[in-house]
Structures are given as structure tokens and as C-alpha cells.
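A structural walkthrough
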Amino acid sequence: MGTVLDGKAIAAAQEQRLRAAVEAFQQRPQLAILSFNTPASRLFELMQVARARALGIRCRNEVLDSAQVTPDDVERKIQAWNADPAIHGIFVHQPMPPQIDPQRISSLIDPRKDVEGIHPQNSARRFFAKARIGSCTALAVMELIESTGVRLEGKEAVVVGHSEIVGRPVGMLLLDKQTTTTICHVATDRAGHLESHVRRAEVLVVAVGRPRFIPGAWIRPEAIVIDVGINVVEGKVVGDVEFETARDRAAYISPVPGGVGPVTVMMVMQNTIEAFRLQGGR
Ligand code: NAP
């Protein structure tokens, strides 16, 4: 039976390190969060605010009504935060309401304040393995993988899901570690090839958003399995991988909840500190 990767413990160790970094500053970094009035967004915002406060990072949060908000409302808010020297990091929750274009919003955020690592400039730097502000979820995935201590070079890595905020950046970061990386998506599944890709994965990252989508029986023995998915089924949070059976086959597996989630929140804080430094904060 595989080892369950403890995201909460990894996040707690990061918290200690980041708190020491913030205490050493003369000024406090400030994070601005734009969220929407959906249960998932409010829950994530509460977690972010709590972690920021625990670290001594100041926080400003604004909740917009998903049904009423216009693209102009969001754009005006971001421009105001871009221009405010007291704000060092900006995080806009996703998924955004359908009337808001997430690509446009990502490109409006000042790249030095983009703590989600989604501005095209930050994405381009990631392409050249030179990102200073990386995609927070992708960084969290890598943190969990690296916590295993397994040497990644030459391994077969498979990522299921190719979204701009998770699947693609994870693929790039795995490539930086010299894994042989395959990125699967809906067409892989439609073509009937998903199972064969998953079955050969020595490192498997799943970010689809469908409960227990990957059967445990597909997991390659001794694989590292990172489940990014967050799904609510009958009031219970579950991932994209069938956990119990996958755990029997894997060497390491991240649980949902308690895996990628807590580490992602801490990566937002790490990015806020990096953004503060990039803006000359001391
Ligand atoms: P997303 O933007 O909806 O992307 C989902 C991806 O899954 C897309 O690339 C999609 O491909 C792919 N997909 C859909 N159906 C598929 C199928 N049948 N076979 C293979 N691939 C398929 O979602 P996301 O933002 O990446 O998030 C994914 C999951 O991670 C969600 O559950 C989300 O809540 C969770 N999440 C967790 C954290 C965390 O910190 N733990 C952070 C972010 C997201 P196509 O585009 O080709 O349809």
C-alpha cells in the first residue's frame, strides 16, 4: 500500500519558513483577492485570508456577485489594484462567471503582482524555465512530487487535463525535471487512448474535475499519483482518482482533501512574498 502524501504537513513546514521571511521585512506585503459569491470561491477565499493573516501578510478582499458583475467592474478593480503601491499581489478566483473572459483578466493584472502566475509574461517565462512567479497549483503539485525524494529524470510523466492554470503549467514543470511528459485531454479520452497513457505513467497528475474519473486499476504499480481534482459528491469532497484502489498500487498518492489544496494556498503566499520583493519590498 502506497504512502499518502500529507499536504497539510508540507504546508505547515512552508508556513514556518514563509512566516520567518515576512517577519524579516520592514514592511508587510499585501494581497488583494477578488472572489465571487459561489460556495467554492467563498471557501477558498476564507482559506486564503486565514493563511495570509497567520503569516503576517495583509489582505484586502472583495466579493463580486457572479450574476451581476460586468467585465468593466472586474477590469476597473484590477486597474485600481495595479495602480495601488500598497498592493503587492492580486489573485482573481477561477472559474470566473461566464460573462468574464479569464484570458483578458489574466493579461490585465500587472505581471509583477500576478500571484497566480497566469499573466502571459509569467507563462512565457515558465516556457523558458525562468519563471519567478509560477502557477501556484502547478508549483504545489511539484512540491508534493518532490517531497517523495524520487529522482524524476527520465521518468514517464502523464498529466490528465490541459487547462491554462493547472495541466499545461504542470506539464512544463515536469519537462523542466527531464521527465518524458505526455499531456492528455478530452480528445485523448474520446480517441480511447487515455487508459493506455495512464497505465504507463510513473508520475501521474490528474486535473480534470470529474469525481473518481481515473480507476484505481489503471495505476501503474509504484507510481507517484497526484490528484488535483476537487469534486463534491453527496456532501463529501473527493478527487479525480479512485483513491482506495489507486493507493493499493501506487508508491505515493496525494489525498483529496488534504493533498494539493493546502500546498496551493501556501504557494499563493510564497508568490505574494516574491511579488513584494520584485516590487522592491524590504
Ligand atoms: P478545467 O479548466 O475545467 O480543465 C479541465 C481539464 O480536463 C481540461 O483540460 C479538459 O480538457 C480536461 N478534460 C475534461 N474531460 C476530460 C476527459 N474525459 N478526459 C481527459 N481530459 C478531460 O479545470 P482546472 O481549473 O484545470 O481544474 C481541474 C480540477 O482541479 C477541478 O476539480 C478543480 O476544482 C481542481 N483544482 C484544484 C486546485 C487545488 O489547489 N487543489 C487548484 C485548481 C483546480 P478539454 O479542455 O480538452 O475539454
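Residues numbered from 1 in each chain as written. Predicted model: local features only at pLDDT ≥ 70, side-chain atom pairs only at ≥ 80, totals over all residues. Heavy atoms only, no water.

Moving on, we get to the sheet that holds strand S3 (residues 58-64). Strand order across the open sheet formed by three strands is S3-S2-S4, with parallel pairing between neighbours. Edge positions in the open sheet fall to S3 and strand S4 (89-92), since each of these has one partner strand only. In this sheet, neighbouring strand axes are inclined to one another by 15 degrees on average, regardless of whether the strands run parallel or antiparallel. Bridging between strand S2 (residues 30-36) and S4 involves four bridges; their strand directions are parallel. In the sheet register, Ala32 faces S4, and the bridge partner there is Ile90. (Pairing = 2+ DSSP bridges. Helix = DSSP H or I, 4+ residues; strand = E, 2+ residues; numbered from the N terminus. Axes fitted to C-alpha atoms, helices over the stretch in contact; angles between N-to-C directions.)

With that settled, the discussion passes to the layout of surface pockets. One number sums up the size of the largest pocket: a volume of about 1,500 Å³. If you list the elements that add at least two residues to the lining of the largest pocket, you get helix H2 (39-55), helix H6 (136-146), helix H8 (186-190) and helix H11 (260-278). Classifying every residue of the lining of the largest pocket gives 29 nonpolar, 16 polar and five charged. Split by domain, the residues of the lining of the largest pocket number at least three in each of domain 1 (26-117) and domain 2 (136-261). In this structure, the second largest pocket occupies an estimated 300 Å³ of space. Lining the second largest pocket are 14 residues, with Ile118, Ser123, Arg126, Glu164 and Ile165 positioned closest to its centre. Elements that contribute at least two residues to the lining of the second largest pocket include exactly helix H4 (102-108), helix H5 (120-127) and helix H7 (167-176). Looking at the lining of the second largest pocket residue by residue, the classes come out as six nonpolar, five polar and three charged. (1 Å grid on protein atoms, 1.4 Å probe; cavity = no way out; pocket = protein on both sides within 12 Å on 5 of 7 lines; lining within 4 Å. Points joined across faces, edges and corners; volume = space filled by probe spheres on them. Nonpolar A, V, L, I, M, F, W, Y, C, P; charged D, E, K, R; others polar. Domains from an automatic or database assignment.)

With that out of the way, let us pick up the side chain of Thr179. With respect to the secondary-structure elements, Thr179 resides in the loop between H7 and strand S6 (180-184). On the accessibility criterion, Thr179 (5% relative accessible area) is buried. In terms of polar contacts, Thr179 uses its side chain to reach the side chain of Thr181, at 2.8 Å. The contacts of Thr179, once residues within four sequence positions are left out, are Leu152, Gly154, Lys155, Ala157 and Leu174. (Buried < 20%, exposed > 50% of the residue type's maximum accessible area, 1.4 Å probe, protein only. Polar contact = N/O pair within 3.5 Å; in protein donor to acceptor, adjacent residues only side chain to side chain. Contact = heavy atoms within 4.5 Å.)

With that settled, the discussion passes to the pattern of salt bridges. This structure, assessed with the given rule, holds 15 salt bridges. Notably, a salt bridge pairs Arg42 with Glu45, separated by 2.9 Å at the nearest N-O pair. Taken together, the residues span about one helical turn, with Arg42 and Glu45 both in helix H2 at a distance of three residues. Residue Glu45 is classed as buried on the basis of its relative accessible area of 2%. Two residues, Glu146 and Lys177, come together in a salt bridge whose shortest N-O distance is 3.2 Å. In this pair, Glu146 is assigned in helix H6 and Lys177 in the loop between H7 and S6, connecting sequence segments 31 residues apart. On the basis of relative accessibility, which here comes to 37%, the residue Lys177 falls in the partly exposed class. Within this structure, Glu15, Arg19 and Arg51 form a network of salt bridges that share partners. (Salt bridge = Lys/Arg side-chain N within 4 Å of Asp/Glu carboxyl O.)

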